[in-house]
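One-letter residues, chain by chain:
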Amino acid sequence: MNQNELQKMVEEISLTSFNKPFVHEATFNSRLRTTGGRYLLRSHNLEFNPKQYQLYGEEELIKIIKHELCHYHLHIEGRGYKHRDADFKELLAHVGGARYCREIPGAKRQTKVLHEYECQDCHLLYSRKRRIDTSKYVCGKCRGKLRKKL
């Protein structure tokens, strides 16, 4: 599927599922990694992850398009367009869009653990990106003293 076919598909889904036109741009963005698509607030354009289409097919892409169109139409109407808003949840359920996209193998976010701390009393381990002040902080489980693990 190319950019023109994607644009036509988004316009058709907007008319059939929402009864409203989509008058902005819909494009594939290969830089998206952990998300199926995104709605750009300033330009009102939609971007989609081409890997979702390649791995899971047109049916999954349609669900993602409906999800992003919910953001699009609600934002333009001035209603709650964020994931936590009732308007968004209600419209998404009504049109049958995906709440979450499927995971792309190998695209998980990786967090680096740079510092490990251990409670001296209960031996609970704490992994952190940033260093913490062990004179200020204590174990959340037993309130014991923390020690940096080597």
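Everything discussed here concerns the structure shown above.
An account of the accompanying structure is given in this report.

Cut-offs used in this document
- Residues numbered from 1 in each chain as written.
- Predicted model: local features only at pLDDT ≥ 70, side-chain atom pairs only at ≥ 80, totals over all residues.
- Heavy atoms only, no water.
- Helix = DSSP H or I, 4+ residues; strand = E, 2+ residues; numbered from the N terminus.
- Salt bridge = Lys/Arg side-chain N within 4 Å of Asp/Glu carboxyl O.
- Buried < 20%, exposed > 50% of the residue type's maximum accessible area, 1.4 Å probe, protein only.
- Axes fitted to C-alpha atoms, helices over the stretch in contact; angles between N-to-C directions.
- Parallel < 35°, antiparallel > 145°, perpendicular 65-115°, else oblique.
- Left-handed = near helix turned anticlockwise from the far one by under 90°.
- Contact = heavy atoms within 4.5 Å.
- Nonpolar A, V, L, I, M, F, W, Y, C, P; charged D, E, K, R; others polar.

## Brief notes about unusual backbone geometry
Part 1 of the argument: Positioned with a positive phi, N19 is a non-glycine residue whose angle comes to about 60°.
Part 2 of the argument: Within the element layout of this structure, N19 appears in the loop between α1 (3-18) and β1 (26-28).

## Here's the deal with the pattern of salt bridges
Part 1 of the argument: In the structure shown here, the tally under the stated rule is 5 salt bridges.
Part 2 of the argument: With a closest N to O distance of 2.1 Å, K20 and E77 form a salt bridge. Within this pair, whereas K20 is found in the loop between α1 and β1, its partner E77 is found in helix α2 (residues 50-77), the two being separated by 57 residues in sequence.
Part 3 of the argument: Under the relative-accessibility criterion, K20 is labelled partly exposed at 31%.
Part 4 of the argument: Here D87 and R79 are joined by a salt bridge, their closest N and O atoms 3.8 Å apart.
Part 5 of the argument: Exposure remark for D87: the relative accessible area of 29% places this residue in the partly exposed category.
Part 6 of the argument: Members of the salt-bridge network, linked through shared partners, are K20, E77, R79 and D87.

## Section: the packing of α1 against α2
Part 1 of the argument: Their axes nearest at 10 Å, the elements α1 and α2 cross at an angle of 65°. When the axes of α1 and α2 are compared, the pair comes out roughly perpendicular. Judged by the twist between their axes, the crossing of α1 over α2 is right-handed. Where α1 approaches α2, its residues L6, M9, V10, I13, S14, S17 and F18 are matched on the opposing element by E58, L61, I62, I65, K66, L69, C70 and H73.
Part 2 of the argument: For the contact of α1 with α2, the per-class residue count stands at 10 nonpolar, 3 polar and 2 charged.

Functional significance is not addressed by these values, which are geometric in nature.
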